[in-house]
Amino acid sequence: MASLSLRHIYKKYPGGVTAVSDFNLEVKDKEFLVLVGPSGCGKTTTLRMIAGLEEITDGELFIGDRLVNDVAPKDREIAMVFQNYALYPHMSVFENMSFGLKLNKVPKEKIKRLVEEAARILDITHLLDRKPKALSGGQKQRVALGRAIVREPKVFLLDEPLSNLDAKLRAAMRTELTKLHKRVGTTFVYVTHDQVEAMTMATRIVVMKDGLIQQVDTPQRLYDYPCNIFVAGFIGTPQMNFINGKLVKTATGVNFEFQNVSLALPEEKANAEELAPYIGQEVVVGLRPEAISDVESAVLANPEHSFDVNVDVTELMGAEIYLYLTVGDPEEDPTSLIARVSSRSQSRAGDKIKVVADMSRLHIFDKDTERCIIH
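In this text, all values refer to a predicted model and were calculated from it rather than measured experimentally.

> Go over the overall build of the protein, please, and point to the residues and values.
Within the protein one finds 10 helices and 21 strands. If you line up the protein on its principal axes, its C-alpha atoms span 80 × 45 × 35 Å. Taking all 375 residues of the protein together, the buried fraction comes to 50%. The contacts in the protein between residues at least 6 apart in sequence include a share of 66% that link residues at least 24 apart.

And the structure:
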């Protein structure tokens, strides 16, 4: 097994386009690391540089203790699983899985043992004689994974491997991949634009934007302590609410004011040293949808954190309801919010209701730099 070390990696294309800038990352042995970000952020380019399919413009890449900048892909002891599976249509599943081993002159007995072991792990033993055209999308994905497993690589690279599957199969395959990672005990580097995949599978997540790393942390810490507005908005479904407003000093503390609403900040946040320069200034407050409640008892118990909203749309999600709300005059640029509430909620589209914000869970961001000031 192996760790990965990317040190000041750059990828520049002719014409001055920089796809990846100053990428610094240490990937631990046996870690499940996920690169996530919107299309065009440089995550697949980074993966292809690790694989050796893209040349590194500047910087150093180590697999274990070995510098591999100039090492051919086949000699890097990595295996890559592509988005489109890349199976040979004229070969059986067994032949597809064993093809790389045959090229490397591995003895037939060992090939048979490795393929059968991988097929057993992936539950595709009964498919070994079939051709790819006779397989479903999920089965093709397992074959592609099996072809990678038999090579016994030090590092698995997976480029959006679930994006061609339907929603139900994607959820099932997420679980299968997590189990597979634990079973084979290899370093996984996984690329996706789907933050749900990242949150459910990763030991650590790298959030990227415009070729730059925004934040690297565990899924829970990214959710609870985003470093800027981009990360806060990218991680979490539905996404965080962002409210433009002003911090105002009062006789009893500090309030956040927007759309004729004034909400008292909890004492520990109001007294935070980092917040002092922003008193009297415009800021952006972030609130997760689950931090807004329409429960009447909570509203009555916290009048200093409650305010009036219009319910525009409700979405029943089964175990919960998403309320799409507006605050302020509908004719004069109201503030839009999403609340995630109990499926027993009686709020309906067209209602005017009171909601309460859990102000202990708010995040305050600098309006200009978009960096987080306090959590």
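> Please give an account of the side chain of Asn 310 that cites residues and values.
Position of Asn 310 relative to the elements: it lies in strand β16 (residues 306-316). For Asn 310, a relative accessible area of 14% corresponds to the buried category. Among the polar contacts listed, one links the side chain of Asn 310 to the side chain of Lys 352, at a separation of 2.8 Å. With residues near it in sequence (within four places) discarded, Asn 310 still touches Tyr 324, Leu 325, Thr 326, Gly 328, Asp 351 and Lys 352.

> Tell me what's going on with the nonpolar core, and back it up with residues and numbers.
The tendency in soluble globular proteins is for nonpolar side chains to be buried side by side. If you look at the biggest cluster of nonpolar residues, it comprises 48 residues, and the most contacted ones within it are Met 97, Leu 145, Leu 158, Leu 177, Leu 180, Tyr 190 and Val 207. Per element, the largest residue contribution to this core is seven residues, and it comes from helix α3 (residues 108-122). In contact with Leu 158, other than residues within four places in its own chain, are Leu 47, Val 81, Leu 145, Leu 177, Phe 188, Val 189, Tyr 190 and Val 191. If you look at the next biggest cluster of nonpolar residues, it comprises 34 residues, including Val 261, Ala 272, Ala 339 and Val 341.

> Tell me about the pairing of strand β8 (residues 187-192), and name the residues and values.
Within β8, six of the six residues are buried, which leaves the element mostly enclosed by the surrounding structure. Neither face of β8 is left uncovered, since the one carrying Thr 187, Val 189 and Val 191 and the one carrying Phe 188, Tyr 190 and Thr 192 both have all their residues buried. Sheet analysis places strand β3 (residues 32-36) next to β8, joined by five bridges and oriented parallel. Across the sheet, Leu 33 pairs through a bridge with Val 189, a residue of β8. In the sheet, strand β7 (residues 155-159) pairs with β8 via five bridges, with the strands oriented parallel. Within β8, the position partnered with Phe 156 by the bridge is Phe 188.

> With reference to specific residues and values, describe the pattern of salt bridges.
Enumeration according to the criterion identifies 15 salt bridges in this entry. Across the pair Lys 74 and Asp 75 runs a salt bridge whose closest N-O atoms are separated by 3.5 Å. Arg 340 serves as the salt-bridge partner of Glu 320, at 3.2 Å between the closest nitrogen and oxygen. Placement of the pair is Glu 320 in strand β17 (residues 320-327) and Arg 340 in strand β18 (residues 335-342), with a sequence separation of 20 residues. Of the residues examined, Glu 320 reaches a relative accessible area of 23% and is grouped as partly exposed. One salt-bridge network, held together by shared partners, links Glu 290, Glu 320, Arg 340 and Arg 361.

> Give me helix α2 (residues 93-103): which residues, what numbers.
Of the residues making up α2, those classed as buried are Val 93, Asn 96, Met 97, Ser 98 and Leu 101. If you follow the buried residues of α2, they end up packed against α3 and α4 (137-149). Positive backbone phi, approximately 60 degrees, marks Lys 105, located one or two places after α2.

> Account for the sheet that holds strand β21 (residues 372-374), naming residues and giving values.
Spatial strand order, β13-β12-β11-β14-β20-β21: six strands in an open sheet with antiparallel pairing. Of all the strands in the sheet, the pair left with one neighbour each is β13 (261-264) and β21. Between one strand axis and the next, the sheet turns through 40 degrees on average, direction left out of account.

> Please give an account of the pairing of strand β10 (residues 212-217) that cites residues and values.
Sheet analysis places strand β9 (residues 204-209) next to β10, joined by five bridges and oriented antiparallel. Note that in β10 the partner of Lys 209 across the bridge is Leu 212. If you look at the hairpin formed by β9 and β10, you'll find two residues sitting between the two strands, and Asp 210 has a positive phi there, around 55 degrees.

> Residues and numbers for the packing of aromatic side chains, please.
The tally for this structure, following the rule as stated, stands at eight aromatic pairs. Ring centres of Phe 242 and Phe 365 lie 6.0 Å apart, and the angle between their planes is 70 degrees; this geometry places the pair in the edge-to-face category. One end of the pair, Phe 242, is in strand β11 (residues 241-249); the other, Phe 365, is in strand β20 (residues 363-366), and 123 residues separate them in sequence. A relative accessible area of 24% means that Phe 242 is categorised as partly exposed. Classification of Phe 365 by relative accessible area gives buried; the value is 0%. Plain terms: the ring middles of Phe 258 and Phe 307 are 5.9 Å apart, the flat faces sit at 80 degrees to each other, and that makes the pair edge-to-face. On the criterion of sequence distance, the pair formed by Phe 258 in strand β12 (residues 254-258) and Phe 307 in strand β16 is long-range, its members being 49 residues apart. By relative accessible area, Phe 258 is classed as buried at 4%. Phe 307 gets classed as buried once you look at its relative accessible area, which sits at 4%. In this structure, Lys 12 packs its charged tip against the face of Tyr 10, placed 5.2 Å from the ring centre. We note Arg 288 situated over the ring of Tyr 223; from NZ or CZ to the ring centre the distance is 4.0 Å.

What counts, and at which threshold
- Throughout, residues of each chain are indexed from 1 in the direction in which the sequence is written.
- A pLDDT threshold of at least 70 governs which residues receive local features in this predicted model, and a stricter bar of 80 or more applies before side-chain atom pairs are shown or counted, although totals over entire chains, interfaces and linings include all residues.
- Calculation of side-chain values draws on the structure's entire complement of heavy atoms; hydrogens and water are dropped beforehand.
- Every helix listed is a DSSP run of H or I at least four residues long, and every strand listed is a run of E at least two residues long, numbered separately from the N terminus.
- In this scheme, a residue with accessible area under 20% of its type's maximum is buried, one over 50% is exposed, and one in between is partly exposed, where area comes from a 1.4 Å probe on protein chains only.
- Note on definitions: a residue-residue contact is assigned when non-hydrogen atoms from the two residues lie within 4.5 Å.
- Polar contacts here mean pairs of N or O atoms no more than 3.5 Å apart (in protein, one a potential hydrogen donor and the other a potential acceptor; neighbouring residues in sequence count only if both atoms are side-chain atoms).
- For the purposes of this section, nonpolar cores are sets of buried Ala, Val, Leu, Ile, Met, Phe, Trp, Tyr and Cys residues that join through side-chain atoms within 4.5 Å.
- What makes two strands pair is DSSP finding at least two bridges between them.
- Any carboxyl oxygen of Asp or Glu within 4 Å of a side-chain nitrogen of Lys or Arg constitutes a salt bridge here.
- Note on method: axes are straight lines fitted to C-alpha atoms, helices fitted across the in-contact stretch only, with angles between N-to-C directions ranging 0 to 180 degrees.
- Note on ring pairs: Phe, Tyr and Trp rings are taken, using the six-membered ring of Trp, and paired if centres are within 6.5 Å. Classes follow the plane angle, with under 30 degrees stacked, over 60 edge-to-face and the rest tilted.
- Comment: the charge-over-ring label is applied if NZ (Lys) or CZ (Arg) is within 6 Å of the ring centre and within 35 degrees of the ring normal.

Keep in mind that these numbers describe shape and distance, not what the molecule does.
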